[in-house]
Amino acid sequence: MTVHEQPIRRSGPSGRDVHGRIAVVVVLVVALVCGAVTAGLLWTTGVRADRAYTGRLHRVTATTTGPAEPSVPQAGQDGWPGAAAPAVWAYPKGVHRSGTVEVPPRTPQGHTVPVWVDAAGAPARPPDNGTERVLTSFCGGVAAAGTAGAVAAGVLLVMRRRTEARTFAALDREWARVEPVWSGRPRSGTDND
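Computed from a predicted structure; not experimentally measured. (Residues numbered from 1 in each chain as written. Predicted model: local features only at pLDDT ≥ 70, side-chain atom pairs only at ≥ 80, totals over all residues. Heavy atoms only, no water.)

*Asks:* Describe the overall build of the protein, listing the residues and the values that go with them.
*Replies:* Along the backbone of the protein there are two helices and five strands. Starting at the N terminus, the α and β elements of the protein follow one another as α-β-β-β-β-β-α. Per-residue burial for the protein yields a buried fraction of 21% across its 193 residues. Across the protein, every contact between residues at least 6 apart in sequence was considered, and the portion connecting residues at least 24 apart equals 57%. Within the structure as shown, the protein displays about 14,200 Å² of accessible surface, and the carbon and sulfur contribution to it stands at 62%. (Helix = DSSP H or I, 4+ residues; strand = E, 2+ residues; numbered from the N terminus. Buried < 20%, exposed > 50% of the residue type's maximum accessible area, 1.4 Å probe, protein only. Contact = heavy atoms within 4.5 Å. Areas by Shrake-Rupley, 256 points an atom, 1.4 Å probe, with all protein chains shown as cover.)

Rendered as structure tokens:
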């Protein structure tokens, strides 16, 4: 070996840093795959649920019979509608209905607004615009990735500890065999007196 040649060095005995990096990559890949699969499943399920819900709705035009009033969210309501006004609409065809519907704030009396109704003609929650589905898919994917990453890291940590314990036990056995010869001391458990 010349002065300019340097041997390839690995940190620690038997390249433990290399093995540690591989373990980190494995954990990250497992976490990303689980997160992506979960997000995809949640997205697909949300799309199917929204299509089924939207398929039962009908969009009609309602005419307000009073001015818009700020509305208070009801128990179990998904979001803050902003304002509500009394209105009239017809659904099914020829059946006139009236009630309170969600409208943009400051909607005047006599203004027409689009309203979603169910098969019976009662006002219904509008179909999801995708925002909730995106948020649900993202959060579910992140949670799955975190859980899978933690589990994978735990499994790898346990495996590493077991491997280290076996390695150290083998080193102790080898040292117990070699040390007396090396140091000139008698082996324990033998009579050299």
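This is not the end of the story, as more comes after the structure.
*Asks:* Explain the environment of R97 to me, and be specific about the residues and the numbers.
*Replies:* Tracing the backbone shows R97 in strand 4 (residues 96-103). The exposure class assigned to R97 is partly exposed, which follows from its relative accessible area of 30%. The spatial distance from the C-alpha of R97 to the C-alpha of P123 is 9.8 Å, given a sequence separation of 26 residues. Not counting the four nearest positions on each side in its chain, R97 is found in contact with A87, V88, W89, Y91, P92, A120 and G121. A polar contact is formed between the side chain of R97 and the backbone oxygen of A120, at a distance of 2.6 Å. (Polar contact = N/O pair within 3.5 Å; in protein donor to acceptor, adjacent residues only side chain to side chain.)

*Asks:* Summarise the pairing of strand 1 (residues 58-64); cite the residues concerned and give the values.
*Replies:* In terms of strand pairing, strand 1 meets strand 5 (residues 112-117) through six bridges, oriented antiparallel. Bridge assignment links T61 to a residue of strand 5, and that residue is P114. Bridge analysis of strand 1 against strand 3 (residues 83-90) gives two bridges, and the strand direction is antiparallel. Each residue of the ladder has a partner; that of T64, found in strand 3, is A87. (Pairing = 2+ DSSP bridges.)

*Asks:* An account of the pairing of strand 4 is requested, with residue identities and associated values reported.
*Replies:* Pairing geometry for strand 3 and strand 4, over eight bridges, is antiparallel. Within strand 4, the residue paired with V88 across the bridge is S98. Between strand 3 and strand 4, which pair antiparallel in sequence order, lie five residues; one of them, G94, sits at a positive phi of approximately 85°.

*Asks:* For the pattern of salt bridges, give the residues involved together with the corresponding values.
*Replies:* Across all of its chains, the model carries four salt bridges by this definition. The residue R160 makes a salt bridge to E164 at a minimum N-O spacing of 3.5 Å. Residue R160 and its partner E164 are located together in helix 2 (residues 131-183), separated by four residues, close to a single helical turn. Judged by its relative accessible area of 36%, R160 falls in the partly exposed class. Exposure remark for E164: the relative accessible area of 16% places this residue in the buried category. The salt bridge partner of R177 is E174, with a shortest N-O separation of 2.6 Å. Highlighted residues: R177 and E174, both in helix 2, separated by three residues, approximately one helical turn. Residue classification places E174 among the partly exposed positions, given a relative accessible area of 37%. (Salt bridge = Lys/Arg side-chain N within 4 Å of Asp/Glu carboxyl O.)

*Asks:* Can you tell me about the nonpolar core, naming the residues and giving the values?
*Replies:* For soluble globular proteins, the rule of thumb is that nonpolar side chains tend to be buried together. Of all hydrophobic cores here, the largest spans 13 residues; its most connected members are V60, A62, W89, V101, V103, V115 and V117. Sorting the residues of this core by element identifies strand 1, strand 3, strand 4 and strand 5 as the ones contributing at least two each. The residues contacting V117, other than those within four sequence positions of it, are R56, L57, H58, V60, W89, Y91, A122, P123 and A124. (Core = buried A, V, L, I, M, F, W, Y, C linked by side-chain atoms within 4.5 Å.)

*Asks:* Which residues make up a nonpolar patch on the surface, and what values go with them?
*Replies:* Taken together, the side chains of V25, V29, V33, V37 and L41 present a nonpolar region at the surface, about 440 Å² in accessible area. Note that V25 resides in helix 1 (residues 16-55). (Patch = residues over 30% accessible without salt bridge, like charges linked within 9 Å, V, L, I, M, F, W, Y side chains within 5 Å.)

*Asks:* I'd like a description of the packing of aromatic side chains, backed by residues and values.
*Replies:* Per the stated rule, a full pass over the model turns up zero aromatic pairs. In this arrangement the basic side chain of R133 is found over the ring face of W43, its NZ or CZ atom lying 4.6 Å from the centre. (Phe/Tyr/Trp six-rings, centres within 6.5 Å; stacked < 30°, edge-to-face > 60°. Lys NZ or Arg CZ within 6 Å of the ring centre and 35° of its normal.)

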